Structures are given as structure tokens and as C-alpha cells.
Amino acid sequence: MIKQTRFGEFGGVFAPETLMASLEELEQAWRHLRADAKFQARLQNLLHTYAGRPTPLTLAERLSDEHGFELWLKREDLLHTGAHKLNNALGQCLLAKEIGKTRILAETGAGQHGVATATACAKLGLECVVYMGAVDAKRQKPNVGRMELMGARVEVVEHGQRTLKDAINEAMRAWVSDPAAHYVLGSALGPHPFPSMVAEFHEVIGKEARAQILQQANGLPDVAIACVGGGSNAIGLFRGFMQDDSVEMVGVEAGGEGMEEGKHAARFSGGKPGVLHGCYTWLLQDADGQILPTHSVSAGLDYPAVGPEHAELQKRGRARYEYATDDEALHAFAQLSEKEGILPALESSHAVAWVLQNATALRGKRLIVNLSGRGDKDLATIFSLRDAEANS
Ligand SMILES: *Cc1c(COP(=O)(O)O)cnc(C)c1O
């Protein structure tokens, strides 16, 4: 029997009957293993000797001097495979192996979660099938190649908008007909136990960050900031500071091309609560509850729903959720590249963009931004925008 499936009124298990047995099996395994010292030691060892944890905390000195704040960057861009996603992929794949699963299913949007899962499967000797929308498979071709090189099979999804939402639908469908497999969901969303379990696998970000900033800056930050797609890197950072009442938390969503319907993925600014992919949370939907199309220059933030724990943090005012537009994120990308020598992921650039937008109000404050990933995967996008601008 599944218990405590919600964050306040949000979350839950709005899943078809055919998936319930798999979800209950997963919840039981997770409840057992999260308290199992041997499992935790194995995971810690992988994170330390394979993934590259702890990741450093870097002071962005030039940007800080220019704006009069103190900006610290938690460097998840330096984790193996270039983003925070490996924390969760390793955790879930290790769990799956522990309970005797030999095949892993996963969805991917931009391909980062697919790459992280293919990586974990290669390392742990598991079969890997990744569902990816046809539109994404085309625009993120190098990541399709990366997954295949590590032995994963990429299943291209031709339904719906043919992006992330449709890939999740297809992966869930595949799981229903293949209960001997484990489905590695890529963010802190979906039906219980995924939002809690994924958040726990990313808590290491916030725990490290808190210890590092206390040591390196001699105090807590005033504000902790992270971009929010499904919400996994943000919840990983936030959980480290949840008990510190003085630390403000800001999640930054994709403002895309502005607040017009279909042009953004800012769920808290443009949406309302509803059910998608097994969970009750804030979503972008029309008056009939049909899911609206979304847009963001960063594929990782381009999703119509947000993880339920964020919905609850927003409701009780513990965190607030703002957005940055494509243009603001691209400006932040350029600033961090030119002034700090770090090419950030376009997702992470949204968090930096919020800091730059609010630079005056943030003067004198100590800030920590979760730099969720590196920008190498986005270079084709950056170059084509730059060429388009040069030709216009
Ligand atoms: C996938 C991704 C995100 C968005 O996912 P969350 O679950 O919201 O963290 C953010 N940054 C990078 C680099 C990503 O790859």
C-alpha cells in the first residue's frame, strides 16, 4: 500500500491501474534501499570515484565585482556527462539492479537524461532503451549518437508534438507492457514515488553546496537560485537550505518568447493546477484541461508541468518562481562565457539571467546559483542564432 504520496495537496499517484503494481514494487524497493547502508555506500562510491563528486563551488569574481553582489556557482556542469542528471540516473539504475531488473527504460527531451541513463547502464551492465520524440532526435542528433555508442537503443516517438511529453507517454506505455523493466524517470515529477525519490538522489547537490559555502564564504547565502524544468536540479539545491529560514529560494522557469500562450514554459506565471503524467501540479493547459504547447530555447526547460514539491513550496511561500526569457538567458550565457570562462547550459543560463535582471536589488547579497550543466550541447543552437543575427 502506497502512503504519503503528496506534498500538501500536490503530487499523488494519478496512474492507470496497469501501472500500479510496478509503482508499488518501486516504492517498496526504494523505501527499503534508501535506509540500507550498503546501498548508500555503493552509491556514494560511484558518485565519488566515477561521477566526480563533490563538484566544486566557484566564486564568479568578475561578475560579482561588476555588480556588487557575491555570486557563487555550484558546478554541476563538471559532473560526468556534463549535467546534474547523472546523480539520479546512477541512483535509479543501481536501485533497479539491486532488485534484479536487467532492462532500463527512459525518456529524454534534449537527450541529457538519455545520455546519463545510457551511461549508468553501461557502467552497471544493464540493457537500456531510450524513448525520444522525433523532433528532439533530429535537433539533438549528437546525443542520439552518444547514447548509441554506449550501447543504448533509441526509440524515436512519432506521436503528438513529438517532444519530451510524448516521449514520457511512450516510455510509460512501454513500462506497462514490460513490468520486468525499470523506468528511470528523468526529473522530480510524475507519480509517487518518483518526485520524492528523484529529489533524494539530487539532495547531494544542496548538502555539498551548504557545507562548501559555509567553509569558503564563511556563511550561508542570502538567496539560492536554480532553473526549473521538471525541477530536479532546483529541488536538489533547495533541500540543502530548506531548514535555513534566512535563505530565500528562487526557481527560474523558461519565459521563452514572452507570456503569450504557447510561447513559454512558465507554469507558475501562465498555468494552473491540473493532472499530467500521474501527478497533480501546476501545468500549462487550456480551459478544457488540454495540455498547451510550450517553447524555450533550452530543451531541458521545455515541459508543460512542474514537479509537485515546487508547487507546494510556492503555495506555502517557502520558494518563489520567476522566469527569464530566451533573450535574457542568451545574454546571461554570453556574460558567463566572457567574464568567467564558463560556457553554461542554456537551462542554467536562466538562473544566471534572473540574477543579472535583479542585479541592483541583489547588491551586497551572497548568492548561490546551481549551474546545472555545461553548454557544449547547446553550441549548435548558439551558433545558428548568432549566424541568423549576423545575416539579418
Ligand atoms: C534537464 C536539465 C535541466 C532541467 O531539469 P530539472 O529537472 O528541472 O533540473 C536543467 N539543466 C540542465 C543542464 C539539464 O540537462
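Residues numbered from 1 in each chain as written. Predicted model: local features only at pLDDT ≥ 70, side-chain atom pairs only at ≥ 80, totals over all residues. Heavy atoms only, no water.

A. Inspection of the site of the ligand at higher detail. As a matter of local geometry, the ligand sits amid 17 residues, with Lys85, Ser187, Gly229, Ser232 and Ser372 nearest to it. Between the ligand and the protein, one listed contact pairs an oxygen atom with a side-chain N or O atom of Lys85 at 2.6 Å. In the environment of the ligand, an oxygen atom lies 2.8 Å from a nitrogen or oxygen atom belonging to the side chain of Asn233. In the complex, 96% of the free accessible area of the ligand, which totals 380 Å², lies under the protein chains. Classifying every residue of the shell around the ligand gives four nonpolar, 11 polar and two charged. Among the domains, domain 1 (7-47 + 85-194) and domain 2 (54-83 + 203-391) are the pair contributing at least three residues each to the shell around the ligand. (Near = heavy atom within 4 Å. Polar contact = N/O pair within 3.5 Å; in protein donor to acceptor, adjacent residues only side chain to side chain. Areas by Shrake-Rupley, 256 points an atom, 1.4 Å probe, with all protein chains shown as cover. Nonpolar A, V, L, I, M, F, W, Y, C, P; charged D, E, K, R; others polar. Domains from an automatic or database assignment.)

B. Examining the domain arrangement of the chain more closely. As far as domains go, the chain holds domain 1 (7-47 + 85-194) and domain 2 (54-83 + 203-391). Using only C-alpha atoms to locate each centre, domain 1 and domain 2 end up separated by 23 Å. On the side of domain 2, 34 residues touch domain 1, which itself brings 30 residues to the contact. Between domain 1 and domain 2, the buried area comes to about 2700 Å², and carbon and sulfur atoms account for 65% of it. Taken together, the links from domain 1 to domain 2 amount to one salt bridge. (Contact = heavy atoms within 4.5 Å. Buried area = accessible area lost by both parts, 1.4 Å probe. Salt bridge = Lys/Arg side-chain N within 4 Å of Asp/Glu carboxyl O.)

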